[in-house]
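# A closer look at the structure
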Amino acid sequence: MSELRPQRRSLLLAICFASMVVVVMDISIVNVALPNIRDDLGASVAGLQWTVDAYTLVLASFPLLAGSTADRIGRKRVFLTGLAAFGIGSLDD
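Bear in mind the structure is a predicted one, so any value in this text is a computation, not a measurement.

### Notes on the layout of surface pockets
In this structure, the largest pocket spans a volume of roughly 1,300 Å³. At the level of elements, helix H1 (6-32), helix H3 (45-73) and helix H4 (75-90) are the ones that each hand at least two residues to the lining of the largest pocket. A total of eleven residues in the lining of the largest pocket trace back to one element, the largest contributor, which is H1. Classifying every residue of the lining of the largest pocket by side-chain character gives 24 nonpolar, six polar and three charged. Empty space within the second largest pocket amounts to approximately 170 Å³. Lining the second largest pocket, in full, are Asp-26, Ile-29, Val-30, Tyr-55, Ala-85, Phe-86, Gly-89 and Ser-90.

### Looking at the environment of Thr-69
With respect to the helices, strands and loops of the structure, Thr-69 is situated in helix H3. By relative accessible area, which is 25% here, Thr-69 ends up partly exposed. Aside from chain neighbours lying at most four places away, what touches Thr-69 is Gly-74 and Val-78.

Criteria and cut-off values
- Residues numbered from 1 in each chain as written.
- Predicted model: local features only at pLDDT ≥ 70, side-chain atom pairs only at ≥ 80, totals over all residues.
- Heavy atoms only, no water.
- 1 Å grid on protein atoms, 1.4 Å probe; cavity = no way out; pocket = protein on both sides within 12 Å on 5 of 7 lines; lining within 4 Å.
- Points joined across faces, edges and corners; volume = space filled by probe spheres on them.
- Helix = DSSP H or I, 4+ residues; strand = E, 2+ residues; numbered from the N terminus.
- Nonpolar A, V, L, I, M, F, W, Y, C, P; charged D, E, K, R; others polar.
- Buried < 20%, exposed > 50% of the residue type's maximum accessible area, 1.4 Å probe, protein only.
- Contact = heavy atoms within 4.5 Å.

What follows is the structure in structure tokens.
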């Protein structure tokens, strides 16, 4: 494996950091939307807790899958595919 130039290394770090900010922001959006979820679905407090837990668990499990897939087909392809899928999934009607 070749050594990365310092500028390239900084760019990669910034891209990874930005993707994590987007994920944390998305989890925060789910927390902000909890009153609407409660009103629309008639969910109890326990149901809302399960909603947040399930969403966070699913979102946290994707890096495990992405890591093994990236070893097989390439990091850049998996990262861009994941970013595109996340963006499409975050679109609102």
